[in-house]
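Now for the letters of each chain:
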Amino acid sequence: MARVLSIVLAGGEGKRLLPLTLDRAKPAVPFGGHYRLIDFALSNLANAGLLRVVVLTQYKSHSLDLHITRTWRLSTLLGSYVTPVPAQMRRGPWWFSGSADAIYQNLNIVGDERPDYVLVFGADHIYRMDPRQMLAQHIETGAAATVAALRVPPTQAKGFGVIEPGRGTLIERFIEKPPDPVALAAGRPHLFASMGNYIFNANALSDALREDAQDSNSRHDMGRDLVPRFVESGDAHFYDFHENDVPGGTDLDHGYWRDVGTLDSYYEASMDLVAVQPVFNLYNTEWPIFTSAPQLPPAKFVFEEPGRAGLAYNSIVSGGTIISGGTVRGSVISPGVIVQQGALVEGSVLMDNVRIGEGAVVRRAIIDKNVTVEPGARVGVDPEIDASRFTISARGIVVIGKGEKVVG
């Protein structure tokens, strides 16, 4: 069998997710109740049996390092591991200057592991994918580099690296964030956009990274600089993510992929989870999303009296939660949340140990861990008051950082 090393890039600063990334790395942001963003990439690799994984970290990595070391413990009997690797400054006293530089500064790991192929995956996307199918195509085509490609409407392709197909799966041209993707599409219903997931022949990757490191004009980025090197030499192919067939998948969530790099995209991906037939199905037991769940009692709904009933509709409710006479609609409720009598939570994401006081109202909000919303307080009701106190996303989502106290 081919030897495969997987590298997960988890060093991004995540400024667009502030205040959720105020004291944590973006891949460590909670999602879907008790998961972290990085769990999705790692689960895809684990389900595929690709169990030699290094996670390259950099900014505010403490909670991410803890999560990986406590959750992702694999049996070492057959050489399996998931290990975080911080910025070690092996090449000099500087941080990673880009995603390609992050791998270049850790080429010693590739040399020690001596893989045939290197998978390079992002750490902060929500999706299911069987990477074995992409690897099989990579080997079959004889490519030096393969880029996972998402089908996107031309009107939504502006923020992506866009792939111009050549013969078969060959990449003819790679355009990073084209200014006019509609014109580029020339009437086609979709463009192929890079997902930020790559497979390389190990030797070709090492050579390209060394060349890139010597290029003073390079930004040392995987999409902007490294992939175009392979395209120019005719050695880059793309893998159509739409063709990926995940065990247990449904027609509804087939091809689902979300970049949750902004507050609005994070919120929208969270809302994808709570429909009766969810756009992204967390309940696929054939390709599970792994994480470590806290040891908590089951969720509890208490009181059955007029005007004092604990109710939740179309919501995810995690363990340790007590809905005590309040009402929850269309929301993601994380472990340890308490919603008290007469309170209303609608279309919101409540992270661990949030307290919603008696009679409080929370609408279209993301509330980070350990926040207390005092009795009678209003969140997401008056835009002017909210804007004076909290972070407001471009689409009007109220975001409250860790540990705050919201008074009425």
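This section reports on the structure supplied with the text. (Residues numbered from 1 in each chain as written. Predicted model: local features only at pLDDT ≥ 70, side-chain atom pairs only at ≥ 80, totals over all residues. Heavy atoms only, no water.)

**Quick word on unusual backbone geometry**
In step 1: The omega angle of the peptide bond from Leu-18 to Pro-19 is 10°, so this bond is cis rather than trans.
In step 2: Tracing the backbone shows Pro-19 in the loop between β1 (4-10) and β2 (30-31).
In step 3: Within the chain, Lys-60 stands out as a residue other than glycine whose phi angle is a positive 45°.
In step 4: Structurally, Lys-60 is set in the loop between β4 (52-57) and α2 (62-71).
In step 5: In this structure, Lys-177 takes a positive phi of about 50° despite not being glycine.
In step 6: Tracing the backbone through its elements, the reader meets Lys-177 in the loop between β10 (171-176) and α6 (181-185). (Helix = DSSP H or I, 4+ residues; strand = E, 2+ residues; numbered from the N terminus.)

**Description of helix α1 (residues 38-47)**
In step 1: In terms of burial, α1 is a largely internal element, nine of the 10 residues being buried.
In step 2: For α1, every residue scored as buried is listed here: Ile-38, Asp-39, Phe-40, Ala-41, Leu-42, Ser-43, Asn-44, Leu-45 and Asn-47.
In step 3: Two residues or fewer past α1, Gly-49 is found with a positive phi of approximately 75°. (Buried < 20%, exposed > 50% of the residue type's maximum accessible area, 1.4 Å probe, protein only.)

**So, the sheet that holds strand β22 (residues 338-339)**
In step 1: One open sheet accounts for six strands, arranged β14-β19-β22-β25-β28-β32; its pairing is parallel. Each edge of the open sheet is held by one strand with a lone partner, namely β14 (300-302) and β32 (405-406).
In step 2: Judged from the two bridges that link them, strand β19 (residues 322-324) and β22 form a sheet pairing that is parallel. Looking at the pairing, Ile-322 lines up with Ile-338 of β22. (Pairing = 2+ DSSP bridges.)

**A few points about helix α8 (residues 222-232)**
In step 1: Most of α8 sits inside the fold, with eight of its 11 residues counted as buried.
In step 2: Among all positions of α8, only Met-222, Gly-223, Asp-225, Leu-226, Val-227, Pro-228, Phe-230 and Val-231 are buried.
In step 3: For α8, the N-terminal cap is Asp-221; the gap from its side-chain oxygen to the backbone nitrogen of Gly-223 is 3.0 Å.
In step 4: Gly-234 sits one or two residues past α8 and shows a positive phi near 75°. (Polar contact = N/O pair within 3.5 Å; in protein donor to acceptor, adjacent residues only side chain to side chain.)

**Some points on the pattern of salt bridges**
In step 1: Inspection of the entire model under this criterion finds 19 salt bridges.
In step 2: For the salt bridge of Glu-268 with Arg-395, the shortest nitrogen-to-oxygen distance reads 2.2 Å. With Glu-268 in helix α9 (residues 263-271) and Arg-395 in the loop between β30 (391-392) and β31 (398-400), the pair connects residues that are 127 residues apart, well separated along the chain.
In step 3: A relative accessible area of 34% means that Glu-268 is categorised as partly exposed. (Salt bridge = Lys/Arg side-chain N within 4 Å of Asp/Glu carboxyl O.)

**Examining the packing of helix α7 (residues 202-213) against α8**
In step 1: Remark: α7 packs on α8, axes separated minimally by 10 Å, with the N-to-C direction vectors making an angle of 120°. Of the possible angle classes, the one that applies to α7 and α8 is oblique. For the pair α7 and α8, the sense of crossing is right-handed. Of the residues in α8, those touching α7 at Ala-204, Leu-205, Ala-208, Leu-209, Glu-211 and Asp-212 are Asp-225, Leu-226, Arg-229 and Phe-230.
In step 2: Tallied by class, residues from the contact of α7 with α8 come to six nonpolar, no polar and four charged. (Axes fitted to C-alpha atoms, helices over the stretch in contact; angles between N-to-C directions. Parallel < 35°, antiparallel > 145°, perpendicular 65-115°, else oblique. Left-handed = near helix turned anticlockwise from the far one by under 90°. Contact = heavy atoms within 4.5 Å. Nonpolar A, V, L, I, M, F, W, Y, C, P; charged D, E, K, R; others polar.)

**Digging into the environment of Tyr-104**
In step 1: Relative to the elements of secondary structure, Tyr-104 occurs in helix α3 (residues 99-104).
In step 2: As for Tyr-104 and Gly-380, which are separated by 276 residues in sequence, their C-alpha atoms are 45 Å apart.

**As for the pairing of strand β11 (residues 191-201)**
In step 1: Of all 11 residues making up β11, nine are buried, and the element is well covered by its neighbours.
In step 2: Examined bridge by bridge, strand β6 (residues 117-122) and β11 share four bridges and lie antiparallel to one another. Of the residues in β11, the one forming a bridge with Val-118 is Phe-200.
In step 3: By the bridge criterion, seven bridges tie strand β8 (residues 145-152) to β11 in an arrangement that is antiparallel. Bridge assignment links Ala-145 to a residue of β11, and that residue is Phe-200.
In step 4: Strand direction decides the pairing type here: strand β9 (residues 161-165) and β11, joined by two bridges, are antiparallel. The partner of Ile-163 across the bridge, within β11, is Phe-192.

Treat this as a map of the structure, not an account of what it does.
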